[in-house]
Amino acid sequence: MTLKILHRPPSVDDTERPVPRWATRLAYALPLLLLPSCLWRLPFALHFEMGQVQDGGMPAYWLSVPYVLGLSVLTEVIAILTIGLVRGWGEVAPAWIPVIGGRQVRTMAAVVPAVLGGLMLTALFTAFPIGGDRHLTLFGVVDSVAYANGAWKALATVCVTPIAAWGPITIALAIAYYRRRSASAAAVTG
């Protein structure tokens, strides 16, 4: 009797045209890339400041816990939805979805939100250092966060920095989706 501990991964051949290997790997890596940021955020819900030196107080638990948990869950859900740009359920809506289930997803109905979301994420998570521990962000000039020691700062950098890649990765996957889908539409009509 042999144990079947390892299973075969699900087939990714459910798309109309082959997906580039880099796009598949990037789409599946995105939720894992964002996970450290989500985990870094969780202690803040319980007012543990993760080595940050702050003057301002923390919001009440009734506000911080649902906000931080909701933000972390929403981040991962959106990252998982990005996998639809490389899988069949991003081309044909799953049958269990009311009204649109089983219908083909229009190319631009997936590309436009993905590109706009990627642009918003890029703008939101991009900060340009301008000197004096200050950064230029979408929200203006902000001071860098001070940490109790270098270890906390290093941990924060390792956990939070990858989130800056979220927007560009989403845009790259949307462009690959558009090229793949528009090429298949041209092959059908031409």
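Structural notes, computed from the coordinates. From a predicted model like this one, the values you see are computed outputs, not experimental measurements. (Residues numbered from 1 in each chain as written. Predicted model: local features only at pLDDT ≥ 70, side-chain atom pairs only at ≥ 80, totals over all residues. Heavy atoms only, no water.)

### A word on the sheet that holds strand S4 (residues 140-143)
Sheet strands pair via backbone hydrogen bonds, and the direction of the pair is either parallel or antiparallel. Applicable threshold: Two strands pair under a simple rule: DSSP has to find at least two bridges between them. Helix and strand definitions follow DSSP, with helices as H or I runs of at least four residues and strands as E runs of at least two, each counted in order from the N terminus. Lines fitted to C-alpha atoms define the axes, with helix axes restricted to the stretch in contact, and inter-axis angles between N-to-C directions lie between 0 and 180 degrees.
Strand order in the open sheet made by the three strands is S2-S3-S4, with antiparallel pairing throughout. Either end of the sheet is taken by a strand with one partner, and the two such strands are strand S2 (128-131) and S4. Ignoring which end each strand starts from, the neighbouring axes of this sheet average 35° apart. Examined bridge by bridge, S2 and strand S3 (residues 134-137) share three bridges and lie antiparallel to one another. What sits directly across from Pro129, in S3, is His135.

### Thoughts on helix H3 (residues 107-124)
What counts, and what does not: Multiplying 1.5 Å by the residue count of a helix minus one yields the expected span of that helix. Buried, partly exposed and exposed residues are distinguished by accessible area as a fraction of the type maximum, computed with a 1.4 Å probe on protein chains only: under 20%, between the cut-offs, and over 50%, respectively. Think of it as the arc spanned by the lines of direction from the helix axis to the C-beta atoms.
Between its terminal C-alpha atoms H3 stretches 26 Å, which fits the 26 Å expected from 18 residues at 1.5 Å a residue. Those residues of H3 lying buried are Thr107, Ala110, Val111, Ala114, Gly117, Gly118 and Leu121. Burial along H3 is one-sided: seen end-on, the buried residues are contained in an arc of 145°. Seen from the open side of H3, the exposed residues pointing more than 90 degrees away from its buried face are Ala109, Leu116 and Met120.

### Describing the nonpolar core
Definition in use: Here, the term nonpolar core denotes a set of buried Ala, Val, Leu, Ile, Met, Phe, Trp, Tyr and Cys residues that are joined through side-chain atoms within 4.5 Å. Whether two residues are in contact is decided by their heavy atoms, any of which lying within 4.5 Å being enough.
Counting 20 residues, the largest nonpolar core has Ala23, Leu30, Leu34, Leu85, Val86, Trp166 and Leu173 as the members making the most contacts within it. Elements supplying a minimum of two residues to this core: helix H1 (21-45), H3 and helix H5 (166-189). Among the elements that make up this core, the one with the highest residue count is H5 (six residues). Those residues in contact with Leu85 that lie beyond four places of it in its chain are Ala110, Ala114, Thr170, Leu173, Ala174, Tyr177 and Arg180.

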